[in-house]
Amino acid sequence: MLRASQGTALHRTLKATARQFGGAACVRGVHTPPAVGQPLPHTHPHLFPIDFTRGWQAELGGGVATDHLTPGIPAAEYEQRRRNLMDRLPTGSVVVLMGGRIKYMSRNIFYKFRQESNFWYLTGLEEPDAALVMVKNSSRRGYAMTLFVAPRQASKELWDGPTCGLDGAVEVFGADHAEPNDPSVLLHVLKKTLASAEHLYVDMPTQATVPRLSQRTQRFSLHDFLAPPSPTGFDLFARKTDFDNVVRLLSDRRNTHSLECEMDVLRSRKSANELRVMRHAGAISGAAMTEVMRVVRPQLAESEAQAVFEYECARRGAARQAYVPVFASGRNALMIHYVRNDCLIGDQQVLSVDAGCEFAGYASDITRTMPTAADGRFTPAQRDIYEVLLRVLKGCTALATEHQGYSLSELHRRSVEMLNSELRALGFSLSYGVLERTLYPHYLSHWLGIDLHDTSTVERSTRVKEGMVFTIEPGLYIPDDPAFPKEYRGIGMRVEDDVAVGATEPYVLSADAPKEVVDIEAVCSGRLPRFV
Ligand code: GLY
Ligand code: MN
Ligand code: MN
């Protein structure tokens with residue numbers, strides 16, 4: 001075990017990085033935090049601009065945010081998040097949280113790693129197979145934090161580069177204690193910790209994995225039996241009895257509570273730093289969407305438009321797409337989750353693009369619908385439907401303030417009412433239920449944050465509060481059905497913005513993606529010059 005020695009690890013890390021990059025002369029003898037693999041201000045200064053809008057120019061004079069643990073989020077904010085969680089919990093509480101695992105496409109061919117969202121929110125650590133145990137106590141910090149991480153191994157680092165190691169867990173990520181992520185060590189620590197705990201906050205898995213007994217059926221399912229175990233080892237207990245002991249220890253307690261519900265409450269209101277990061281994620285996706293509008297034309301492959309979007313996000317620093325994007329041309333846009341993106345774009349159609357990058361841990365989620373005609377203009381029918389959706393989007397956005405205090409369910413009802421009267425004005429005769437069953441079968445909104453569909457335990461009936469972020473995404477999908485006016489049949493469209501709730505004003509985080517007809521047509525026709 002490694003312990004933090006003097007002061008908090010957080011303090012020493014911040015002091016060391018601040019001295020090294022804060023403009024003051026480097027102080028002799030100051031301990032530099034170790035390289036831990038993931039970017040830090042002292043190893044990757046270009047990824048830590050004080051001002052994101054200056055982006056890659058940070059090193060050239062924009063300034064480096066030396067106190068940030070992940071781009072945009074200071075180490076002190078991670079400490080505050082843990083305190084906020086522990087402050088919410090009763091005396092005698094213990095939190096147990098497992099980090100994410102590497103996922104495999106086939107055999108040993110892995111996907112790019114993404115940390116489990118709650119684990120990332122509390123630690124900022126982006127390494128697989130880690131675990132976090134926090135014990136509420138009466139220390140000045142208010143809790144003791146133990147991180148379980150893979151010990152440094154020279155032979156492994158030769159292949160994979162630096163890892164966090166036990167020293168990094170303490171010095172960089174602020175743990176009081178670091179332990180190797182060895183199942184028997186975890187079992188030992190849990191036994192000791194839980195013996196005196198009154199409340200355990202943990203999320204038991206909803207899906208069984210080998211060799212866990214399915215919790216639902218209490219039998220080994222064929223799926224469990226056939227699914228290959230993950231090759232990274234952390235849940236491969238050498239003896240099944242050890243594994244079963246841990247599961248029993250965690251699940252047999254009377255005072256066991258959902259950690260997810262507590263985390264969702266904390267995560268549902270974003271800090272000023274989080275909003276800045278999310279605004280930048282929206283700006284990157286907005287710029288990428290503009291580039292798609294610039295290239296869209298008849299005979300372009302949907303997949304090429306997708307490639308343009310992904311390239312434009314990556315070159316602006318996005319780590320990945322926040323979800324598999326939709327690039328749906330023509331009638332493909334009637335399928336709400338069309339993700340094959342393997343058709344050629346036709347003439348006089350619309351291309352509906354639902355895409356958003358993840359930047360510095362936060363998702364963006366934008367839908368824009370654009371004309372595919374060579375002259376870059378919507379047909380009159382396309383324009384009618386688009387303008388209906390735009391009015392509904394704007395009408396609902398104007399309601400997204402704490403002062404007005406709507407809930408997502410109420411906003412959805414408003415969107416249904418608005419669409420109903422708008423469509424009737426266009427000549428639709430809508431029999432009961434047809435709007436919500438056929439033409440607009442999805443919900444207006446979902447919370448947005450680290451996850452695309454964020455904080456799912458926060459009810460839609462919750463009144464929106466300052467700092468909450470959600471999407472507003474009205475859509476219409478009009479099938480080839482004589483029940484609907486002929487000129488509108490076969491049109492599928494959606495328009496989606498990311499909105500942060502203010503006290504008296506909404507803030508549109510995705511404002512950089514053109515959405516007025518005149519702006520979309522100007523970009524699509526090439527009349528609007530390129531800015532960046
Ligand atoms: N792109 C998925 C969604 O809008 O929820
Ligand atoms: Mn969405
Ligand atoms: Mn979307």
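Anything mentioned here points back to the structure above.
None of these values were measured; they are calculated from a predicted model.

1. Re the coordination of the manganese ion (ligand 3)
Here is step 1 of the chain: The manganese ion (ligand 3) binds to the protein through D354 (OD), D354 (OD), D365 (OD) and E496 (OE), with metal-donor distances spanning 2.0 to 2.5 Å.
Here is step 2 of the chain: Coordination at the manganese ion (ligand 3) is irregular, judged from the six donor atoms that bind it and the angles of 55 to 171 degrees they form at the metal.
Here is step 3 of the chain: Each donor residue of the manganese ion (ligand 3) lies on the same chain, and together they follow the pattern D-x10-D-x130-E.
Here is step 4 of the chain: In this structure, the manganese ion (ligand 3) is positioned 3.2 Å from the manganese ion (ligand 2), and both are ligated by D365. Of this pair, D365 sits in the loop between β16 (362-363) and β17 (366-371) while E496 sits in the loop between β20 (492-494) and β21 (497-501), and the two are 131 residues apart along the sequence. An identical accessibility class is assigned to D365 and E496; each is buried.

2. Structural notes on the nonpolar core
Inside soluble globular proteins, nonpolar side chains tend to come together where they are buried.
Here is step 1 of the chain: Ranked by size, the top nonpolar core spans 117 residues in total, and within it L85, M370 and L476 carry the most contacts.
Here is step 2 of the chain: In terms of residues, this core owes the most to one element, helix α12 (residues 380-397), which gives nine residues.
Here is step 3 of the chain: Ignoring any residue separated from it by four or fewer positions in sequence, one finds M370 in contact with M289, V292, M293, V296, Q349, V350, L351, V353, F378, I520 and C524.
Here is step 4 of the chain: Residues F148, L187, L200 and L250 belong to the second largest nonpolar core, which totals 15 residues.

3. Observations regarding the sheet that holds strand β18 (residues 469-472)
Here is step 1 of the chain: The strand order β18-β21-β22 describes an open sheet built from three strands, whose pairing is antiparallel. Strands at the two margins of the open sheet, each flanked by one partner only, are β18 and β22 (506-508). Each adjacent strand pair in this sheet contributes to an overall mean axis angle of 35 degrees, direction not counted.
Here is step 2 of the chain: Where β18 meets β21, four bridges bridge the pair, whose relative direction is antiparallel. Residue pairing in the sheet places V469 in a bridge with A500 of β21.

4. Examining the pattern of salt bridges
Here is step 1 of the chain: A complete count under the given rule lists 34 salt bridges for this structure.
Here is step 2 of the chain: Salt-bridge contacts for E274 lead to R81; the nearest nitrogen and oxygen are separated by 3.5 Å. Here E274, found in helix α10 (residues 272-295), pairs with R81, found in helix α2 (residues 75-88); they are 193 residues apart in sequence, far enough to count as distant. With respect to burial, E274 and R81 carry one shared label: buried.

5. Regarding α12
Here is step 1 of the chain: With 18 residues, α12 should cover 26 Å at 1.5 Å per step; its first-to-last C-alpha distance of 25 Å lies within 8% of that length.
Here is step 2 of the chain: Looking at α12, one finds that the buried residues are A381, Q382, I385, Y386, V388, L389, L390, V392, L393, C396 and T397.

6. Quick word on the sheet that holds strand β12 (residues 320-321)
Here is step 1 of the chain: Spatially, β12-β15-β16 is the arrangement adopted by the three strands of the open sheet, whose pairing is antiparallel. The open sheet has two edge strands, β12 and β16, and neither has a second partner.

7. Focus on the coordination of the manganese ion (ligand 2)
Here is step 1 of the chain: The coordination sphere of the manganese ion (ligand 2) contains the protein donors D365 (OD), H446 (NE2), E473 (OE) and E496 (OE), at a distance range of 2.0 to 2.2 Å.
Here is step 2 of the chain: Here the manganese ion (ligand 2) binds six donor atoms, and the angle range of 49 to 153 degrees at the metal identifies the geometry as irregular.
Here is step 3 of the chain: Positions of the donor residues of the manganese ion (ligand 2) along the chain correspond to the pattern D-x80-H-x26-E-x22-E.

8. A closer look at a nonpolar patch on the surface
Here is step 1 of the chain: Residues M105, I109 and Y111 make up a contiguous nonpolar surface patch of roughly 320 Å² in combined accessible area.
Here is step 2 of the chain: Secondary-structure assignment places I109 in strand β6 (residues 109-110).

9. Remarks on the site of ligand 1
Here is step 1 of the chain: Taken together, the residues surrounding ligand 1 are Y323, D354, D365, H446, L452, H453, E473 and E496.
Here is step 2 of the chain: E473 places a side-chain nitrogen or oxygen 3.1 Å from an oxygen atom of ligand 1.
Here is step 3 of the chain: In this structure, an oxygen atom belonging to ligand 1 sits 3.3 Å away from a side-chain N or O atom of E496.
Here is step 4 of the chain: Coverage of ligand 1 by the protein chains reaches 86% of its 200 Å² of free accessible surface.

10. Notes on the side chain of R267
Here is step 1 of the chain: Positionally, R267 belongs in helix α9 (residues 259-268).
Here is step 2 of the chain: Its relative accessible area of 4% is what places R267 among the buried residues.
Here is step 3 of the chain: Among all residues touching R267, those that are not within four sequence positions of it are S117, N118, Y121, I450, D451, D454 and T455.

11. Side note on helix α6 (residues 183-195)
Here is step 1 of the chain: For α6, which comprises 13 residues, the first-to-last C-alpha distance of 18 Å matches the rise-based estimate of 18 Å (1.5 Å per residue) to within 8%.
Here is step 2 of the chain: Within the span of α6, buried status applies to P183, L186, L187, V189, L190, T193 and L194.
Here is step 3 of the chain: Looking at the packing, one finds that the buried side of α6 touches β4 (93-98), β7 (131-136), β8 (143-149), β9 (177-180), β10 (199-201) and α8 (240-251).

Rules used throughout
Residues numbered from 1 in each chain as written. Chains lettered and ligands numbered in written order. Predicted model: local features only at pLDDT ≥ 70, side-chain atom pairs only at ≥ 80, totals over all residues. Heavy atoms only, no water. Donors = N, O, S within 2.8 Å, 3.2 Å for Na, K, Ca; no water. Tetrahedral: all angles 85-135°; square planar, octahedral: opposite > 155°, others 65-115°. Helix = DSSP H or I, 4+ residues; strand = E, 2+ residues; numbered from the N terminus. Buried < 20%, exposed > 50% of the residue type's maximum accessible area, 1.4 Å probe, protein only. Core = buried A, V, L, I, M, F, W, Y, C linked by side-chain atoms within 4.5 Å. Contact = heavy atoms within 4.5 Å. Pairing = 2+ DSSP bridges. Axes fitted to C-alpha atoms, helices over the stretch in contact; angles between N-to-C directions. Salt bridge = Lys/Arg side-chain N within 4 Å of Asp/Glu carboxyl O. Expected span 1.5 Å × (residues − 1). Patch = residues over 30% accessible without salt bridge, like charges linked within 9 Å, V, L, I, M, F, W, Y side chains within 5 Å. Areas by Shrake-Rupley, 256 points an atom, 1.4 Å probe, with all protein chains shown as cover. Near = heavy atom within 4 Å. Polar contact = N/O pair within 3.5 Å; in protein donor to acceptor, adjacent residues only side chain to side chain.

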